[in-house]
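# Coordinates in review
Listed here are the chains, written in short residue letters.
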Amino acid sequence: MTRNDIVTRADGTQMELSPVGQGIVFENEQVRMREISLEPGERQPWLRHDNPYLVIAIEAADNRIDPIDGTLQFQHEPVGGVIYRDASETRMLMNNGETRYRSRLIELKCVGENSECWRREEPA
């Protein structure tokens, strides 16, 4: 995904997508780990996940997920909790609770953007 990706919401509104999280903590050819930190009431702007991913909560919070289709989801993420999500989910995340939310988001590049890394031949 690039920063100039444009998507259209169910109501016809167009918006530019943002990068996921506040930074990359670790990356190799197989995975990318991102930092996410949201204070109470803070939002992660609209984004799309191009790879399947896992989210591991470091600091718990009650989050609100706004998918592009207009439905709302509410999810409590406890410390150490793990969530798996598929790729191509365009959404916005908001810390709907009263405590800071922090997590590590681990993108599975070998299943998504870099699927060729699983198809390498082993050395003879």
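Residues numbered from 1 in each chain as written. Predicted model: local features only at pLDDT ≥ 70, side-chain atom pairs only at ≥ 80, totals over all residues. Heavy atoms only, no water.

### Quick look at the sheet that holds strand β10 (residues 90-95)
On the basis of which strands lie adjacent, the open sheet formed by four strands has the order β5-β10-β7-β8 and antiparallel pairing. For this open sheet the edge positions go to β5 (43-48) and β8 (73-77), each flanked by a neighbour on one side alone. When strand polarity is set aside, the average angle formed by the axes of neighbouring strands in this sheet is 25 degrees. Here β5 runs beside β10; their pairing, made up of four bridges, is antiparallel. The partner of Arg 43 across the bridge, within β10, is Met 94. (Pairing = 2+ DSSP bridges. Helix = DSSP H or I, 4+ residues; strand = E, 2+ residues; numbered from the N terminus. Axes fitted to C-alpha atoms, helices over the stretch in contact; angles between N-to-C directions.)

### A short note on the side chain of Arg 34
Turning to its location among the elements, Arg 34 is positioned in strand β4 (residues 31-38). For Arg 34, the side chain forms a polar contact with the main-chain oxygen of Val 20, separated by 3.2 Å. Here the side chain of Arg 34 touches Glu 107 through a polar contact of 2.3 Å, side chain to side chain. Discounting residues that sit within four places of it in the chain, Arg 34 has contacts with Val 20, Gly 23, Ile 24, Val 25, Ser 103, Arg 104, Leu 105 and Glu 107. (Polar contact = N/O pair within 3.5 Å; in protein donor to acceptor, adjacent residues only side chain to side chain. Contact = heavy atoms within 4.5 Å.)

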